[in-house]
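Reading the structure
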Amino acid sequence: MLGSVVSCSPACLAGLRSSRHLVARLSHCGRPVRLHWAIASAVSQADQDAAPAAAAAAAPAAVPQQQEQNGDGNGTQQQKQQRKVGAAGPRTSSKEMVDTSPPRGTRDFYPEDMRLRNWLFGEWAAVSQLFGFEQFDVPVLESEELFVRKAGEEITDQLYNFQDKGGRRVALRPEITPSLARLVLGRGKGLALPAKWWIIGQCWRYERTTRGRRREHYQWNMDV
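Computed from a predicted structure; not experimentally measured. (Residues numbered from 1 in each chain as written. Predicted model: local features only at pLDDT ≥ 70, side-chain atom pairs only at ≥ 80, totals over all residues. Heavy atoms only, no water.)

1. Focus: the overall build of the chain
Each helix and strand in the chain was counted, giving six helices and eight strands. Its helices and strands in sequence order give the chain the pattern β-α-β-α-α-α-β-β-α-β-β-α-β-β, from N to C terminus. With 224 residues in all, the chain has 24% of them scored as buried. Taking all contacts inside the chain whose residues are at least 6 apart in sequence as the whole, residues at least 24 apart take part in 64%. Here the chain displays about 16,500 Å² of accessible surface, and carbon together with sulfur accounts for 55% of that area. (Helix = DSSP H or I, 4+ residues; strand = E, 2+ residues; numbered from the N terminus. Buried < 20%, exposed > 50% of the residue type's maximum accessible area, 1.4 Å probe, protein only. Contact = heavy atoms within 4.5 Å. Areas by Shrake-Rupley, 256 points an atom, 1.4 Å probe, with all protein chains shown as cover.)

2. Some details on the packing of helix α5 (residues 144-151) against helix α6 (residues 177-187)
The N-to-C vectors of α5 and α6 enclose an angle of 105°; their axes lie 10 Å apart at closest approach. Put simply, α5 runs roughly perpendicular to α6. Every residue of α6 that contacts α5 at Leu-146, Phe-147 and Lys-150 is listed here: Pro-178, Ser-179 and Arg-182. Residues that form the contact of α5 with α6 fall into these classes: three nonpolar, one polar and two charged. (Axes fitted to C-alpha atoms, helices over the stretch in contact; angles between N-to-C directions. Parallel < 35°, antiparallel > 145°, perpendicular 65-115°, else oblique. Nonpolar A, V, L, I, M, F, W, Y, C, P; charged D, E, K, R; others polar.)

3. Observations concerning α5
By the burial criterion, the buried members of α5 are Glu-144, Phe-147 and Val-148. Projected onto a plane normal to the axis of α5, the buried residues spread over an arc of 105° and lie on a single side. Tucked inside the fold, the buried residues of α5 contact β4 (141-143), β5 (160-163), β6 (169-172) and α6. After α5 finishes, the residue Gly-152 shows a positive phi value of roughly 90°. (Arc of directions from axis to C-beta.)

4. Details of the sheet that holds β5
Pairing is antiparallel across the open sheet formed by three strands, whose spatial order is β4-β6-β5. Bordering the open sheet on either side are β4 and β5, each of which pairs with just one other strand. When the angles between neighbouring strand axes are averaged without regard to direction, this sheet yields 35°. Pairing geometry for β4 and β6, over three bridges, is antiparallel. Bridge pairing in β6 links Glu-142 to Ala-171. Relative to β4, α5 is tilted by about 65°, and along the sheet it contacts β4, β5 and β6. (Pairing = 2+ DSSP bridges.)

5. Topic: α6
Along α6, the positions that sit buried rather than exposed are Pro-178, Ser-179 and Leu-180. Contacts made by the buried residues of α6 are with β4, α5, β7 (197-204) and β8 (216-223). After α6 finishes, the residue Gly-188 shows a positive phi value of roughly 65°.

6. Brief notes about the layout of surface pockets
The computed volume of the largest pocket comes to approximately 320 Å³. Taken together, 13 residues make up the lining of the largest pocket; nearest its centre are Arg-107, Phe-109, Glu-216, His-217 and Tyr-218. Those elements that place two or more of their residues in the lining of the largest pocket are α4 (111-130) and β8. Per-element tally for the lining of the largest pocket: the top contributor is α4, with five residues. Tallied by class, the residues present in the lining of the largest pocket amount to five nonpolar, two polar and six charged. (1 Å grid on protein atoms, 1.4 Å probe; cavity = no way out; pocket = protein on both sides within 12 Å on 5 of 7 lines; lining within 4 Å. Points joined across faces, edges and corners; volume = space filled by probe spheres on them.)

7. What about the pattern of salt bridges?
Per the counting criterion, the structure on display carries six salt bridges. With a closest N to O distance of 2.8 Å, Glu-142 and Arg-182 form a salt bridge. One end of the pair, Glu-142, is in strand β4; the other, Arg-182, is in helix α6, with 40 residues separating them in the sequence. For Glu-145, the salt bridge is made with Arg-149, and the minimal N-O distance between the two is 3.6 Å. You can see Glu-145 and its partner Arg-149 sitting in helix α5, four residues apart, about one turn around the helix. (Salt bridge = Lys/Arg side-chain N within 4 Å of Asp/Glu carboxyl O.)

Purely spatial values, then, with no claim about function.
If you want it as structure tokens, here you go:
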């Protein structure tokens, strides 16, 4: 095309930046002229000079896309893997079947089960109050040392125990008597005697499950 007859005036060829600018100017020319080969060379050189500038302009747009693919560009590869996987481990795929069973050794209480349980707990409470006992309650989560002092180090094999985020060793209570002792010692001489207390509490003991004996159970205490 650059050697063919075109319609242009020499004045309109000044300041060319690329062949696209040349084509745009040629469309506005009023008389036919032959494009000089020197001008064709200049236009070709303008195209070559414009190519690096166009590539440099496109480069910043490619950087965010690359960073989006590789992460935010900051942190180590291990940190990126942790953000991807999560501190609690890999997620379960949403396509996998969810286990609807309760944890081993525990049970669910449907409404019909709750009616029976509430009736039974109500009878226990009525008997306790009939004999002049007062109700108390304590946390289901206690210090692990509380149960070790009572039963020795071997009790730790039967505990649901762990270290909390503050570095403290804690456990789900396997029984209620140690917690009662903690309350009495905490009150000290300020406790009016004789103290007659009762409680119905949930307890946890990690041991082999048998018929009628689960890892989760409820305990009714009447203590003097």
